[in-house]
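# Coordinate analysis (summary)
Here's the letter readout for the chains.
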Amino acid sequence: MADKPIYYGSGKSSPMYYGSGKSSPVYYGWKKPMYYGSGAYGGGSYGGSAYGGAYGGSGGGGNDDGSVIGTITIGRMLRVVSQRWLSVFVFLLVGLIVAFAVYRISPTIYEATSEFTMDMRRSSGSRGHSALSEATPDYGNTYAEIFNTRISDWRSDKVVTKVVQQYRAGHPSSTVSDEEIIGTLAGSELDLVRNSRIITISLRSKTPALCAALANAYAEAIESFTDEENKLRCDKAVSQIHGNVEKKRREVDKIAKQLLDFRTANKVDNLRSSRDTVSQGLSKTTGDILALEAEETQLVEWEKMLAAVQKDPSSYGNLSTGVPRAQEIAAEFRAYQDAEGQYQRLLFSYTDNHPDVITAKKALELAKRRFLDAAARALLTGRSTLRVTRNQLANLRQKQDDLRNELASIEQRIVLAESGLGQLEAEFGVANRVLEGLIMDENKARIEAESNNEIVRVGRPAGVPSKPVLPNPTLIFGAGVALSIILGIVFVLIVDNLEDTVVNLADIEGRLSLKVLAVLPHVRRKKREEVARFIVNDKYSQFSESVAGLRNLLDSPRYEALSHCMLIISTQPGEGKTITSCSLAIAYAQAGRRTLHVDFDLRRPRLARIWDLEITKERSFSHVLQAAGAEKPDFKALVNQTPVPGLDVIASIAPDGVSPSTIFGSSSVSYFFEWARANYDHVIVDSPPFGVVGDVVSLAVMVDSVIIMCCPDRTHFKPIQYCSRSLTEAGANIIGAVVNDIEVSSAGAFTPHSHGHGYHKYGYGYGYGYGYGYGYRPKDSDEDGEQKGKKKKGRGKKGEPEENKPEETPSSEAGSPSPKNVEQETGNGGPASPSETGTSSTSAPNRGFADGE
């Protein structure tokens, strides 16, 4: 887009019509007038793109590239930073505060440096010995190569562990933890001093003594680590000889172990003692076997006798006390004998059937049965004892066999021990002499390898530092300022890209590429009807002058051909399209034009309520169009007169039984526009919001031009971009946008002066583009001019009431403005004042602003 919109002019004194500032009269920057169909709108409307051509290139602000920040260009960055410099300044202040906080809370760090030297020596004999040549590593030809190769070893965990051990050994009373030591060592730096063999170790810590002690311990640990590596290299150099030594040593150890094991396991005295012990055990076992065999024989005899007693109780004789239950059996046998004697005595005296005989007989049988039961129990006990005895006898016999076998084995081992001991002692002596010879060869090779070592020695130890190295105020504050500025710029770019509402004039003309035709201030009224008729009641307000300026701009040669039939649209409800269309229609009527205001918002008609019209269905615009169908209705019968002379209104009532989508698709709408164009100088169409319904596209292609409403902090970019693109693709002529509902205190953001165009503002101290003092008020208006003006407002010329007189307009006396008047009208970001456009008290003729040209 150009530096400024072409319709503002250059601000020079030369006359022009929204031109380029050249000395010759031009129209809108061209050398000849250019209207619709060429130049400004030629080639597919707006110069070959949805928003380009006369508007300065492709549509949009170039910020919608899909990223969060948007397209980054120098021009956009300068624009956004200039608009939101306060946010960047806040980021800068926060960055300085954070940098100061970081500087204050950053710990004090000290640095200590120690040194050690490194020397690589190569003896001439090492390269002649293949084993030594292979064992000596090649770290490079220069000390820089050696340092870069060895630094990874010096930073290894093994070296860190040695550093901790060295520090603990030198400072046994230190309370510093291993984790703190390791953390300090992690930040150490090792550097090779150029053109030398000196290597420096730098450590940083909060404690000066700690960093100095760790730096010295680090150098000592590297020296110890290098010495151990030298030993390892020597071991590698003699590894072959050492392998033979270790092999022979293992062999000698094996023989010595065998000899020791043999002596331990095959001692003759121990074997003889074991033989005597086994012999004694065998003798005792044999004696036990003989005793059990005798007991077994006695138990067998007792078993036979008890079995015979059970068959014939009279065969019972005396039993030894060793017989199981011998006393019990003897008692029962005596009881049996007593019962038998008693029975024999009674049988001798009485017969068998005598009761006493029978009783004695029963007692005899009972005693006999008890005797037999006792004998049976004794027999069972004896048999059990016999089984136990036989089991013990079997175990003893097995033990006897084991002892005999063990005794034979011991005798055999005694013989072998005496013959093998001499052979092992001879083998051990030979192996030990061979091992001593190999050890001597290894020592000779190790001495030769020690002449090829890397020597590291501690040089200058580190001293305790007295001055800290951190925090660095220059670095902290410099980084804070740079980072805060970068973050602030990124933040404002993100906010600028994500902000979807119109904020100022640059948003509309830059990002939307739409011309701002007028800026309407906020009117403090409670009801919509009062705001819509505001310029009828107050003709000298800022709002009235703004609407008059819009009317004068549309009457200019640039827009004269496009202002006959105009459509006022918005992208959402509540942006003021009805109020603006009504105010513009009143302004045209006050200028003496026959004006028709049509309410095409058939779903939510508003004009009837604004003008307090009582309309029936027979005179309702939507109902008549619905009923007409393809026929041509009598549109003249729908016209309603208003208190404003020259202004007619066609309104509708609530769409009960009406289908607006069907109406817009019928031919009666085309008939209406033909009739309206033929009977009125201007036709102002109030439409439904774009995007809510699809009626706007149908209306836009039937009118001469389209004006889009924008409301700050309410209108969104994407809907208005989509609206502009859709209408342009459909063939509509979008001539610009009207910014509505601007507070007087913030109106400066919507004037060209606030965006660097170099224009001046009109004003009465409001910071807004319009004010009093241009011939609208009586000459005797002073500081109380507003109250006095109200008192004198009721009378016009010749003492007639002003509301009954025709409206005074800027074009009432001069039929057309001069080039100077047009420049004053638009080049300063607002309409020309009435005094500058030839205002008179007479009524204006019924013709356009540029009728005379």
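You'll find the structure just up there.
Scoring rules and cut-offs
Residues numbered from 1 in each chain as written. Predicted model: local features only at pLDDT ≥ 70, side-chain atom pairs only at ≥ 80, totals over all residues. Heavy atoms only, no water. Buried < 20%, exposed > 50% of the residue type's maximum accessible area, 1.4 Å probe, protein only. Helix = DSSP H or I, 4+ residues; strand = E, 2+ residues; numbered from the N terminus. Pairing = 2+ DSSP bridges. Phe/Tyr/Trp six-rings, centres within 6.5 Å; stacked < 30°, edge-to-face > 60°. Contact = heavy atoms within 4.5 Å. Expected span 1.5 Å × (residues − 1). Axes fitted to C-alpha atoms, helices over the stretch in contact; angles between N-to-C directions.

A few words on the pairing of strand S10 (residues 682-686). Counted residue by residue, S10 has five buried out of five residues, so it is predominantly covered. Residues of S10 alternate between two faces, with His682, Ile684 and Asp686 on one and Val683 and Val685 on the opposite face, all of them buried. Bridging between strand S6 (residues 565-569) and S10 involves four bridges; their strand directions are parallel. Pairing of Met566 across the sheet is with Ile684, part of S10.

The subject of this paragraph is the packing of aromatic side chains. By the definition in use, this model includes 16 aromatic pairs. Ring geometry for Phe534 and Phe543: centres 5.9 Å apart, planes at 75°, overall edge-to-face. The buried category is assigned to Phe534, whose relative accessible area is 8%. Its relative accessible area of 4% is what places Phe543 among the buried residues.

With respect to the helices, strands and loops of the structure, Lys248 is situated in helix H9 (residues 239-265). Given the relative accessible area of 17%, Lys248 is considered buried. Not counting the four nearest positions on each side in its chain, Lys248 is found in contact with Ala431, Val434, Leu435 and Leu438.

Our next topic: helix H3 (residues 85-105). The end-to-end C-alpha distance of H3, which contains 21 residues, comes to 30 Å, matching closely the 30 Å that a straight helix rising 1.5 Å per residue would cover. Buried residues in H3 make contact with helix H2 (74-83) and helix H13 (473-498).

On the secondary structure map, Gly480 appears in helix H13. Spatially, the C-alpha atom of Gly480 lies 8.1 Å from that of Leu92, the residues being 388 residues apart in sequence. If we skip the residues at most four places from it in the chain, Gly480 touches Gly95 and Ala99.

Geometrically, the link from Leu470 to Pro471 is a cis peptide bond, its omega value of 5° lying close to zero. Here Pro471 lies in the loop between strand S4 (454-458) and H13. For Asp741, which is not glycine, the phi dihedral falls at a positive 60°. With respect to the secondary-structure elements, Asp741 resides in strand S12 (residues 734-742).

In this section: the sheet that holds S12. Read from one edge to the other, the open sheet built from eight strands follows the order S5-S12-S11-S6-S10-S7-S9-S8, with strand pairing classed as mixed. Of all strands in the sheet, those bounded by a partner on one side alone are strand S5 (516-521) and strand S8 (640-641). Pairing analysis gives four bridges linking S6 to strand S11 (residues 705-710), with the strands arranged parallel. The residue of S11 that forms the bridge with Met566 is Ser705. The strands touched by helix H17 (residues 542-554) are S5, S6, S11 and S12; relative to S5, the strand with the most contacts, the crossing angle is about 165°. Contacting S5, S6, strand S7 (595-599), strand S9 (647-650), S10, S11 and S12, helix H18 (residues 577-590) runs over the sheet at an angle of about 165° to S10.

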